[in-house]
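# A structural walkthrough
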Amino acid sequence: MLAFQSGWPEGDIYTVPADGGEAVKITLTPEGDYDPNWSPDGQRIAFVTFVGGRWQVQIVPSTGWTARALVDWPQSHGNPRWSPDG
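Residues numbered from 1 in each chain as written. Predicted model: local features only at pLDDT ≥ 70, side-chain atom pairs only at ≥ 80, totals over all residues. Heavy atoms only, no water.

## A word on the overall build of the chain
Looking only at helices and strands, the chain features zero helices and seven strands. Taking 2.2 N^0.38 as the reference for a compact globule, 86 residues should give roughly 12 Å; the C-alpha atoms of the chain span a radius of gyration of 12 Å, in line with that estimate. Across its three principal axes, the chain shows a C-alpha extent of roughly 35 × 30 × 20 Å. Counting only contacts in the chain whose residues sit at least 6 apart along the sequence, the fraction spanning at least 24 positions is 28%. On the chain, roughly 5,000 Å² of surface is accessible, and the fraction owed to carbon and sulfur atoms is 53%. Positive and negative charge centroids in the chain, built from 5 and 10 side chains respectively, lie 6 Å apart. (Helix = DSSP H or I, 4+ residues; strand = E, 2+ residues; numbered from the N terminus. Rg over C-alpha atoms; globule rule 2.2 N^0.38 Å. Contact = heavy atoms within 4.5 Å. Areas by Shrake-Rupley, 256 points an atom, 1.4 Å probe, with all protein chains shown as cover. Lys, Arg positive; Asp, Glu negative; His and termini not counted. Charge placed at Lys NZ, Arg CZ, Asp CG, Glu CD.)

Spelled out as structure tokens, the structure:
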């Protein structure tokens, strides 16, 4: 499975099977979602989003939609990374 951002500046995160198929939107915030990164166990995706006038790192299950904010992010992009143990 691959994760990617589609659209700029109001992007969303999608997943698509690595061997091809239809892309599935897994995030939906009005201001945009960027820089997806898979968790080590492949169950979650971290991404950067702009919400309420501030940047945040959020995580969403690989099946999508129920994102959870982790931390405010000091810049517009930063490609969040997971620790090896998730």
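On we go.
## Brief notes about the confidence of the model for the chain
In this model, the chain carries an average pLDDT of 85, and 92% of its residues clear a pLDDT of 70 or more. Model confidence for the chain, summarised as mean pLDDT per element, is weakest for strand S7 (residues 68-73) at 75 and strongest for strand S2 (residues 12-16) at 94. (pLDDT = per-residue confidence, 0-100.)

## Let's talk about the sheet that holds S2
The strand order S1-S2-S3 describes an open sheet built from three strands, whose pairing is antiparallel. Only two strands of the sheet have a single partner each, and these edge strands are strand S1 (2-6) and strand S3 (24-25). (Pairing = 2+ DSSP bridges.)

## What to know about the pairing of S1
Relative to S2, S1 is paired through five bridges, and the arrangement is antiparallel. In the strand pairing of S2, Phe-4 is matched with Tyr-14.

## Comments concerning the pattern of salt bridges
The final tally for this structure, using the stated rule, is one salt bridge. One salt bridge in this structure joins Asp-12 and Lys-25, with 3.6 Å as the shortest N-O distance. Note that Asp-12 is positioned in strand S2 and Lys-25 in strand S3, a separation of 13 residues in sequence. Overall, the relative accessible area of 10% leaves Asp-12 in the buried class. The class for Lys-25 is partly exposed, based on a relative accessible area of 28%. (Salt bridge = Lys/Arg side-chain N within 4 Å of Asp/Glu carboxyl O. Buried < 20%, exposed > 50% of the residue type's maximum accessible area, 1.4 Å probe, protein only.)

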